[in-house]
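Now for the letters of each chain:
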Protein chains: 2
Amino acid sequence: MGREDFWTTDPDEQLRVGDGFVLADQPTDAVYGFDGGKSDGQKALAEGATILADLQERLFAAGADGDRRRVLLVLQAMDTAGKGGIVSHVVGAVNPGGVRYAGFKKPTEEELKHDFLWRVEKETPAAGQLGVFDRSHYEDVLIGRVRNLAPAEEIERRYGAINDWERELAFDGTTIVKVMLHLGKDEQKARLLDRLERPEKHWKYNPGDVDERLLWDSYQDAYQLVFERTSTDYAPWFVVPADRKWYARLAVQHLLIDALERLDLEWPKADYDVEAEKARLEGS
Amino acid sequence: MGREDFWTTDPDEQLRVGDGFVLADQPTDAVYGFDGGKSDGQKALAEGATILADLQERLFAAGADGDRRRVLLVLQAMDTAGKGGIVSHVVGAVNPGGVRYAGFKKPTEEELKHDFLWRVEKETPAAGQLGVFDRSHYEDVLIGRVRNLAPAEEIERRYGAINDWERELAFDGTTIVKVMLHLGKDEQKARLLDRLERPEKHWKYNPGDVDERLLWDSYQDAYQLVFERTSTDYAPWFVVPADRKWYARLAVQHLLIDALERLDLEWPKADYDVEAEKARLEGS
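Residues numbered from 1 in each chain as written. Chains lettered and ligands numbered in written order. Predicted model: local features only at pLDDT ≥ 70, side-chain atom pairs only at ≥ 80, totals over all residues. Heavy atoms only, no water.

**Observations concerning the overall build of chain A**
Link 1 in the chain: Each helix and strand in chain A was counted, giving 13 helices and five strands.
Link 2 in the chain: In terms of overall size, chain A behaves like a compact globule, its C-alpha atoms giving a radius of gyration of 20 Å where 284 residues would be expected to give roughly 19 Å.
Link 3 in the chain: The 284 residues of chain A split such that 54% are buried.
Link 4 in the chain: Residue pairs at least 24 apart in sequence account for 82% of intrachain contacts in chain A once pairs closer than 6 positions are excluded.
Link 5 in the chain: In the structure as shown, chain A presents an accessible area of about 12,700 Å², 46% of it carried by carbon and sulfur atoms. (Helix = DSSP H or I, 4+ residues; strand = E, 2+ residues; numbered from the N terminus. Rg over C-alpha atoms; globule rule 2.2 N^0.38 Å. Buried < 20%, exposed > 50% of the residue type's maximum accessible area, 1.4 Å probe, protein only. Contact = heavy atoms within 4.5 Å. Areas by Shrake-Rupley, 256 points an atom, 1.4 Å probe, with all protein chains shown as cover.)

Structure (structure tokens):
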């Protein structure tokens, strides 16, 4: 059985944030559209990796040929939800030469001297690239709101600023795919504990992770607001159940494959005389 | 049989550019140190991929813990020698979150207004990262010399400037691995022809490739000079036979694994009280 047999229905509708979306009602352990277990999921992921790599090469080729289109994957989540695994296992399947990865941490002094979009703007993908934001400008309305890192009016202003900015990116050829990995609170506890129990994982743990965890409900509320204010046709949000890492990876891979397939990418045509070049090469 | 069985001797000495090195004497189809064929090579590459990914995660972890070390792979070669395949099949094995890839093409107007090192400096890897230069500052003494893109004195100045710059990078914690993929002239013709014969490869072909090919000997001379002037202890050159793609990939993977193993990377120790954190987590 292959990938297509396991994906029995397109999960797009269940993953996409639509009108009346309520985060608190969303399960964290669903496997929308996928009729199989973990090992089936891993098989399907490996098969999808080849498809994704091929599509991305077509995007890259188009970019080299003057096509301005590119794709931007925005990843947001609570700690341990699996962003790193998505980057490694999903994005890792494509040629690094066509990927622009950017991880955003606590803003530096210099970044804070600029508008909050300044640092993300610099990291947007170029034509032909698959861009990945590991955290993003949404931190400025998530931790920014939860921890009052900016005045309330400024936080309010940002939702509109984000929509304006994303619309411009989209109009200029960027397919934006925004993903929130939706993790259960108990599952997070188990994963943090796992990090504490394994010395080779200690570096991944930070006491601040528990501080954030204690604000869980505030973060969920802040995400709910994000979805209400920044789910647009040109930059939709997808909420991906993340308790099962294998499913979250598959689902994000599916979203990327889907986004790239919709670009309907053809291999660029030669803009030179193929036969003449063969002759010239032969004589060289 | 595993990777270690196939690598019968360390190819380092045969790959490394030493005193009295003569590029014209180097075979392009050797498989130094590897006792096996293509399928053995592919098996060893897959095994090495896991090792490389693990080492790179350790480097990344160390970087997150304040260790300033990083690795920079510089790739240079004639067209079709397989730089793209190295990036995809060797670098592609590690987590994209820890990779900083930069491809350098013909300099832009803005880049030309600066010193030739300006654009590469901006793309150097940060602590914990594996940087990859797909072409590099060496273009400025390769095509730069062959096509007289700068005055002769300026080209001469650059070798010393490169050594000074690379020494600073090395002193600041960068392990520099410079690789020239050494391709045979006949093999290049076959690969260019292949691109012309397959429509899905047409975008990879550029009539300029034959123009460069017609200057083959001048390029080989320019490479010879590069090796004589910029092979240093702190930034050694390796000339990798590239007629067999599988071997070139294996060899570069070997060089990276070797470079990372010599860093002797340990998982960072917790800088917090593990038991206290477990208790705090339990109560959250």
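**Description of helix H13 (residues 274-282) of chain B**
Link 1 in the chain: Burial in H13(B) covers these residues: Val274(B), Glu277(B) and Leu281(B). Relative to the axis of H13(B), the buried residues are bounded by an arc of 60 degrees and lie together on one face. Exposed residues on H13(B) whose side chains face more than 90 degrees from its buried face are Glu275(B) and Ala279(B).
Link 2 in the chain: Check the buried side of H13(B) and you find it contacts helix H9 (185-197) and helix H10 (207-213) of chain A.
Link 3 in the chain: With a side-chain oxygen positioned 3.1 Å from the backbone nitrogen of Glu275(B), the residue opening H13(B) is Asp273(B). (Arc of directions from axis to C-beta. Polar contact = N/O pair within 3.5 Å; in protein donor to acceptor, adjacent residues only side chain to side chain.)

**Examining the pairing of strand S5 (residues 237-241) of chain B**
Along any regular strand the residues' side chains alternate between the sheet's two faces.
Residue and element names in this part refer to chain B.
Link 1 in the chain: Counted residue by residue, S5 has five buried out of five residues, so it is predominantly covered.
Link 2 in the chain: Burial of the side chains of S5 extends over both faces: Trp237, Val239 and Pro241 are buried on one face and Phe238 and Val240 on the other.
Link 3 in the chain: Pairing of strand S4 (residues 174-182) with S5 involves five bridges; the strand directions are parallel. Across the sheet, Val179 pairs through a bridge with Phe238, a residue of S5. (Pairing = 2+ DSSP bridges.)

**Here's the deal with unusual backbone geometry**
Residue and element names in this part refer to chain A.
Link 1 in the chain: A positive phi angle, close to 50 degrees, is found at Asn148, a residue other than glycine.
Link 2 in the chain: Within the secondary structure, Asn148 is located in the loop between helix H7 (143-146) and helix H8 (152-171).
Link 3 in the chain: Within the chain, Asp264 stands out as a residue other than glycine whose phi angle is a positive 55 degrees.

**Some thoughts on the relation of the copies chain A and chain B**
Link 1 in the chain: Expressed as a screw operation, the relation of chain A to chain B combines 0.0 Å of axial shift with a rotation of 180 degrees, fitting to an RMSD of 0.0 Å. The symmetry that links the two subunits is that of a two-fold axis.
Link 2 in the chain: A share of 100% of the interface residues of chain A reappears at the interface of chain B, consistent with the copies meeting face to face through the same patch. (Least-squares fit on C-alpha atoms with pLDDT ≥ 70 in both.)

**Some remarks on the UniProt feature "domain: Polyphosphate kinase-2-related" (unreviewed entry) in chain A**
Link 1 in the chain: Under the UniProt annotation, the feature "domain: Polyphosphate kinase-2-related" (unreviewed entry) is placed at residues 38-262 of chain A.
Link 2 in the chain: Helix makes up 52% of residues 38-262 of chain A and strand 14%. Its end C-alpha atoms lie 28 Å apart. (UniProt positions renumbered as here; feature names shortened; annotations may be inferred.)

**Considerations on the interface of chain A and chain B**
Link 1 in the chain: Residue-level contacts link 40 residues of chain A with 40 residues of chain B.
Link 2 in the chain: Taken together, both faces of the contact between chain A and chain B bury some 3,800 Å²; the carbon and sulfur share is 66%.
Link 3 in the chain: Among the residues chain A hides against chain B, the three largest losses belong to Trp203(A), Tyr272(A) and Leu281(A). Together they make up 19% of the total.
Link 4 in the chain: Applying the counting criterion to the chain A and chain B interface returns six salt bridges.
Link 5 in the chain: Linking Arg280(B) and Asp211(A) is a salt bridge whose minimum nitrogen-to-oxygen distance equals 2.9 Å.
Link 6 in the chain: Only helix H3 (38-64), helix H4 (83-89), H9, H10 and helix H13 (274-282) of chain A provide two or more residues apiece to the side of chain A that touches chain B. (Buried area = accessible area lost by both parts, 1.4 Å probe. Salt bridge = Lys/Arg side-chain N within 4 Å of Asp/Glu carboxyl O.)

**Considerations on the sheet that holds strand S2 (residues 99-103) of chain A**
What holds strands together in a sheet is hydrogen bonding between their backbones, with the strands either parallel or antiparallel.
Residue and element names in this part refer to chain A.
Link 1 in the chain: Spatially, S2-S3-S1-S4-S5 is the arrangement adopted by the five strands of the open sheet, whose pairing is parallel. In the strand order of this sheet, the two ends are held by S2 and strand S5 (237-241), each with one partner. Put simply, the sheet's adjacent strands are angled 20 degrees from each other on average, direction ignored.
Link 2 in the chain: As judged from the five bridges shared by strand S1 (residues 70-77) and strand S3 (residues 130-134), these two strands associate in the parallel manner. Along S3, the bridge assignment pairs Leu75 with Asp134. (Axes fitted to C-alpha atoms, helices over the stretch in contact; angles between N-to-C directions.)

**Notes on the packing of H3(A) against helix H12 (residues 245-261) of chain A**
Residue and element names in this part refer to chain A.
Link 1 in the chain: Taken N-terminus to C-terminus, the directions of H3 and H12 make an angle of 30 degrees; their axes are 9 Å apart at the nearest point. Relative to H12, H3 is oriented roughly parallel. Here H3 runs over H12; the crossing is left-handed. Facing Lys38, Gly41, Ala44, Leu45, Gly48, Ala49, Ile51, Leu52, Leu55, Gln56 and Leu59 of H3, the residues of H12 in contact are Trp246, Arg249, Leu250, Gln253, Leu256, Ile257, Leu260 and Glu261.
Link 2 in the chain: Each residue belonging to the contact of H3 with H12 can be placed in one class, and the counts come to 12 nonpolar, four polar and three charged. (Parallel < 35°, antiparallel > 145°, perpendicular 65-115°, else oblique. Left-handed = near helix turned anticlockwise from the far one by under 90°. Nonpolar A, V, L, I, M, F, W, Y, C, P; charged D, E, K, R; others polar.)

**Re the environment of Lys245(B)**
Residue and element names in this part refer to chain B.
Link 1 in the chain: Within the element layout of this structure, Lys245 appears in helix H12 (residues 245-262).
Link 2 in the chain: Overall, the relative accessible area of 42% leaves Lys245 in the partly exposed class.
Link 3 in the chain: Counting along the chain gives 64 residues from Lys245 to Leu181, while the straight-line C-alpha distance between them is 9.8 Å.

**Digging into the packing of H13(A) against helix H9 (residues 185-197) of chain B**
Link 1 in the chain: Interhelical geometry of H13(A) versus H9(B) gives an angle of 170 degrees and a closest axis separation of 10 Å. Put simply, H13(A) runs roughly antiparallel to H9(B). Along its contact with H13(A), which presents Val274(A), Glu277(A), Lys278(A), Leu281(A) and Glu282(A), the element H9(B) presents Lys189(B), Leu192(B), Leu193(B), Leu196(B) and Glu197(B).
Link 2 in the chain: Here the residues of the contact of H13(A) with H9(B) sort into five nonpolar, no polar and five charged.

**Some details on the packing of aromatic side chains**
Link 1 in the chain: Summed over the entire model, instances satisfying the criterion amount to 26 aromatic pairs over all chains.
Link 2 in the chain: For the ring pair Phe6(A) and Phe34(A), a centre distance of 5.5 Å and an interplane angle of 35 degrees mean the geometry is tilted. Remark: Phe34(A) occurs in the loop between helix H2 (12-15) and H3 and Phe6(A) occurs in helix H1 (residues 3-6); sequence separation between them is 28 residues.
Link 3 in the chain: The class for Phe6(A) is buried, based on a relative accessible area of 4%.
Link 4 in the chain: With centroids separated by 6.0 Å and ring planes inclined at 75 degrees, the aromatic side chains of Trp203(A) and Phe60(B) adopt a geometry described as edge-to-face. (Phe/Tyr/Trp six-rings, centres within 6.5 Å; stacked < 30°, edge-to-face > 60°.)

**Quick word on the pattern of salt bridges**
Residues and elements named next belong to chain A.
Link 1 in the chain: All told, the structure shown has 56 salt bridges over all chains when counted by the stated rule.
Link 2 in the chain: Asp164 is the salt-bridge partner of Arg167, the closest N and O atoms lying 3.0 Å from each other. Taken together, the residues Arg167 and Asp164, both in helix H8 and three residues apart, mark about one turn of the helix.
Link 3 in the chain: Judged by relative accessible area, which is 39%, Asp164 ranks as partly exposed.
Link 4 in the chain: Look at the salt bridges and you will find they share partners, linking Asp115, Glu154, Arg157 and Arg158 into a network.

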